[in-house]
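# Observations on the three-dimensional arrangement
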Amino acid sequence: MYIIAGLGNPGKRYENTRHNTGFSVIDVIAEKHGISMMELKHKALIGKGFLEGQKVILAKPQTFMNLSGESLRELVNYYKIDEKQELIVIYDDISMSTGQLRIRKKGSAGGHNGIKNIISHLGHDIFLRIKIGVGEKPRAYDLVDYVLGHFTPAETKCIAKSACMAEEALRLMVRGETDAAMNQYNKKQEVENESTDKAL
């Protein structure tokens with residue numbers, strides 16, 4: 001069994017923001033595989049279903065981003081999974097261009113507070129992850145304002161395409177083919193995206 005968690009902040013005001021990219025991917029997976037995200041347990045909105053014949057728990061922590069580890073620790077304990085092999089976390093990354101995917105088996109938080117909190121609660125940094133680029137913060141922007149800012153229409157289109165690629169990568173990962181997923185999706189993606197300069 002796998003727990004697939006997308007990170008974000010709960011509430012209407014945060015929908016379609018850069019920091020909610022993880023939530024967006026979970027929504028795509030849930031819709032594509034007919035998984036209802038209606039159950040509120042372990043400080044997360046969860047849905048149960050199957051991906052490539054594997055039982056999966058989809059999770060959107062409702063603790064707000066910086067406390068994501070509280071929810072994931074509860075989920076890992078309750079479902080008794082091996083978090084080093086069976087936990088997959090999906091989240092935004094400002095160090096990559098919008099829409100770019102990067103799959104990793106372990107690593108530091110890289111300044112991402114949600115990941116920092118997860119590492120703190122798990123006690124290690126060894127867990128599968130899919131990072132989705134949301135574009136580098138413009139020099140004049142405050143970091144919080146940038147990650148909580150909304151995507152432009154062009155960026156929204158780009159992220160939607162990346163969410164579909166993330167779903168494809170996940171299907172490989174739950175089959176135990178993470179290396180194949182890394183080889184296929186860690187290449188710099190040629191994702192259609194207009195320059196965001198006009199919108200910033």
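In what follows, the structure referred to is the one given above.
We now turn to the structure provided with this report. (Residues numbered from 1 in each chain as written. Predicted model: local features only at pLDDT ≥ 70, side-chain atom pairs only at ≥ 80, totals over all residues. Heavy atoms only, no water.)

Look at helix α1 (residues 21-32) against helix α6 (residues 153-173): their axes get within 9 Å of each other, and the N-to-C directions meet at 65°. Crossing angle aside, the handedness with which α1 passes α6 is right-handed. The residues of α6 that touch α1, namely those facing Thr21, Val25, Val28, Ile29 and Lys32, are Ile159, Ala163, Cys164, Ala166, Glu167, Leu170 and Arg171. Broken down by class, the residue content of the contact of α1 with α6 amounts to eight nonpolar, one polar and three charged. (Axes fitted to C-alpha atoms, helices over the stretch in contact; angles between N-to-C directions. Helix = DSSP H or I, 4+ residues; strand = E, 2+ residues; numbered from the N terminus. Left-handed = near helix turned anticlockwise from the far one by under 90°. Contact = heavy atoms within 4.5 Å. Nonpolar A, V, L, I, M, F, W, Y, C, P; charged D, E, K, R; others polar.)

Right, let's get into the pattern of salt bridges. A full pass over the atoms with the stated rule returns 13 salt bridges. For Lys131, the salt bridge is made with Asp93, and the minimal N-O distance between the two is 3.5 Å. Of this pair, Lys131 sits in strand β7 (residues 128-133) while Asp93 sits in strand β5 (residues 87-93); the two residues are 38 residues apart in sequence, bridging distant segments of the chain. There is no split in this pair, since Lys131 and Asp93 are both buried. One network of salt bridges, in which partners are shared, links Lys32, Glu167 and Arg171. (Salt bridge = Lys/Arg side-chain N within 4 Å of Asp/Glu carboxyl O. Buried < 20%, exposed > 50% of the residue type's maximum accessible area, 1.4 Å probe, protein only.)

Right, let's talk about the packing of helix α2 (residues 68-79) against helix α4 (residues 113-122) for a bit. Look at α2 against α4: their axes get within 7 Å of each other, and the N-to-C directions meet at 40°. Here α2 is positioned oblique relative to α4, judged by the angle of their axes. Crossing of α2 against α4: the hand is right-handed. In this structure, α2 contributes Ser68, Gly69, Glu70, Leu72 and Arg73 to the contact, and α4 contributes Gly114, Asn117, Ile118, His121 and Leu122. (Parallel < 35°, antiparallel > 145°, perpendicular 65-115°, else oblique.)

Before going further, it helps to examine the nonpolar core. Judged by nonpolar contacts, the single largest core of 31 residues is most densely connected at Ile4, Leu58, Ile88, Ile90, Ile130 and Leu170. Only β1 (2-6), α1, β4 (54-61), β5, β6 (101-104), β7, α6 and α7 (178-185) provide two or more residues apiece to this core. The element contributing the most residues to this core is α6, with eight residues. Not counting chain neighbours up to four residues away, the residues in contact with Ile130 comprise Ile88, Val89, Ile90, Tyr91, Leu101, Arg102, Ile103, Ala166, Leu170 and Met173. (Core = buried A, V, L, I, M, F, W, Y, C linked by side-chain atoms within 4.5 Å.)

The next point concerns the side chain of His42. Among the structural elements, His42 can be located in the loop between β2 (39-41) and β3 (44-51). Given the relative accessible area of 15%, His42 is considered buried.

So, about the sheet that holds β6. Across the sheet, which stays open at both edges, the seven strands sit in the order β2-β3-β4-β1-β5-β7-β6 with mixed pairing between neighbours. Pairing within the sheet leaves two strands with one partner each, and these edge strands are β2 and β6. The mean angle between the axes of side-by-side strands here comes to 25°, regardless of whether they run parallel or antiparallel. Pairing between β6 and β7: four bridges, direction antiparallel. Considered in β7, the bridge of Arg104 is made with Arg129. (Pairing = 2+ DSSP bridges.)

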